[in-house]
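# Summary of the model geometry
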Amino acid sequence: MNPVIAPSILASDFANLESEIKMINQSQADWIHVDIMDGVFVPNISMGLPVVQAVKRHAKKPLDVHLMIVQPERYVEAFKEAGAEIISVHIEASPHLHRTVQLVKSIGCKAGVALNPHTPVSQLEDIIGDIDLVCMMSVNPGFGGQKFIERTYDKVKKLRAMIDRAGAKVHIEIDGGVNLQNAKPLLDAGADVLVAGNFVFSASDPVDVIQKLKNIK
Ligand code: DX5
Ligand code: ZN
């Protein structure tokens, strides 16, 4: 099965967002990854609801919204209204994760849980059957263009085994530092969704890079 490819518009040219979205529309990308940062949960501020609404007006692919914010439950409905199809919240920001996951699903979105690099996959044991996606951070969240953390491979294997044991159907999405070198071993370890920011948008031919990621064998 070909992986799901989700370019992260964090690395795009915000002054030309419409043409960046149109490039993604014309590519083999499957989802558009949208990184929301609040300057509290992570040491950076990215974009908010009006930008997501603007992206949605041009997007022909589902918006995969990654909330790097504290108290994400306060904004889940607003991001759904802005156009999100998939909403991921961080486990580290969610003392009532089960409740938040139910909220995300009750409004008709797919529910994702994001995991920082230091958070063991074992923390997902009692929620894995309730969610659609795990967004596994392979860098520390907050910035694009960082170096991929090698330990991620082991975490992906453990997580895929946990999902199989549970008989669940859950995407494993890798977020941070993805490129053509680590993509294949990540897929072999059990990942099936690749987020890519800088690797796509700093390329001279982003459509071609997306096509290469999509067709890794
Ligand atoms: C990091 C974000 C990532 C980031 C990935 O906090 O969650 O989605 O945009 O960018 P690259 O692929 O450049 O590491
Ligand atoms: Zn992200």
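Everything that follows concerns the structure shown earlier in this document.
Let me begin by describing the structure that accompanies this report. Starting from 1, residues in each chain are numbered consecutively following that chain's sequence as written. All chains are assigned letters beginning at A, and all ligands numbers beginning at 1, according to the order in which they are written. Restriction of local features to residues with pLDDT of at least 70 applies here, the model being predicted, together with a cutoff of 80 or more for giving and counting side-chain atom pairs; totals for whole chains, interfaces and linings are based on all residues. With hydrogens and water set aside, each side-chain value is computed from the structure's full complement of heavy atoms.

### Here we look at the pattern of salt bridges
What counts as a salt bridge is simple: a side-chain nitrogen of Lys or Arg found within 4 Å of a carboxyl oxygen of Asp or Glu. Within this structure, the stated rule accounts for seven salt bridges. For Arg 151, the salt bridge goes to Asp 154, with nearest N and O atoms at 4.0 Å. Accessible area is worked out with a 1.4 Å probe on protein chains only. A residue is then buried under 20% of its type maximum, exposed over 50%, and partly exposed in between. Taking relative accessible area as the criterion, Asp 154 reaches 40% and is therefore assigned partly exposed. Linking Lys 184 and Asp 188 is a salt bridge whose minimum nitrogen-to-oxygen distance equals 3.1 Å.

### Describing the sheet that holds strand 4 (residues 84–90)
Spatially, eight strands are ordered 1-8-7-6-5-4-3-2 in an open sheet, and the strand pairing comes out parallel. One side of each edge strand has no neighbouring strand; the edge strands of this open sheet are strand 1 (4–7) and strand 2 (32–37). In this sheet, neighbouring strand axes are inclined to one another by 25 degrees on average, regardless of whether the strands run parallel or antiparallel. When DSSP finds two or more bridges between a pair of strands, those strands are recorded as paired. The way it works is that DSSP assigns letters per residue, a run of H or I at least four long becomes a helix, a run of E at least two long becomes a strand, and they are numbered from the N terminus. Strand direction decides the pairing type here: strand 7 (residues 171–175) and strand 8 (residues 193–196), joined by two bridges, are parallel. Lines fitted to the C-alpha atoms define the axes, with helices restricted to the stretch that makes contact. Angles between their N-to-C directions range from 0 to 180 degrees.

### Let's talk about the coordination of the zinc ion (ligand 2)
Donor atoms from the polypeptide that bind the zinc ion (ligand 2) are His 33 (NE2), Asp 35 (OD), His 66 (ND1) and Asp 175 (OD), placed at 2.0 to 2.3 Å. Donor atoms: N, O and S within 2.8 Å of the metal, or within 3.2 Å for Na, K and Ca. Because water is excluded, sites can look incomplete. Here the metal geometry follows the donor angles, with tetrahedral for four donors whose angles all fall between 85 and 135 degrees, square planar for four and octahedral for six when opposite donors are more than 155 degrees apart and every other angle is between 65 and 115, and irregular for all the rest. Coordination geometry of the zinc ion (ligand 2): the six donor atoms subtend angles of 68 to 169 degrees at the metal centre, consistent with an arrangement described as octahedral. For the zinc ion (ligand 2), all donor residues lie on one chain, and their spacing in sequence is H-x1-D-x30-H-x108-D. Summarising the burial analysis for this pair, His 33 and Asp 35 share the class buried.

### Here we look at the packing of aromatic side chains
Pairing of aromatic side chains here covers Phe, Tyr and the six-membered ring of Trp, requires ring centres within 6.5 Å, and sorts the geometry by plane angle: under 30 degrees stacked, over 60 edge-to-face, intermediate tilted. Taken as a whole, this structure holds one aromatic pair when the rule is applied. Both rings, one in Phe 148 and one in Tyr 153, keep their centres 5.3 Å apart while their planes meet at 55 degrees; by these two values the pair is tilted. According to the relative accessible area criterion, Tyr 153 is buried, its value standing at 18%.

### Describing the state of the cysteines
The rule for a disulfide is simple: a pair of cysteine sulfur atoms within 2.5 Å. As enumerated under the stated definition, the model contains zero disulfides in all. Looking at Cys 109, it has no disulfide partner, and the nearest cysteine sulfur is the one in Cys 135, 15 Å off. With relative accessibility at 0%, the residue Cys 135 sits in the buried group.

### Describing the side chain of Thr 100
Tracing the chain through its elements places Thr 100 in helix 4 (residues 97–106). Thr 100 sits in the buried class, given a relative accessible area of 3%. Residue contacts follow a heavy-atom distance rule, with two residues in contact if any of their heavy atoms lie within 4.5 Å. Discounting chain neighbours no more than four positions away, the residues touching Thr 100 are Glu 73, Val 76 and Val 89.

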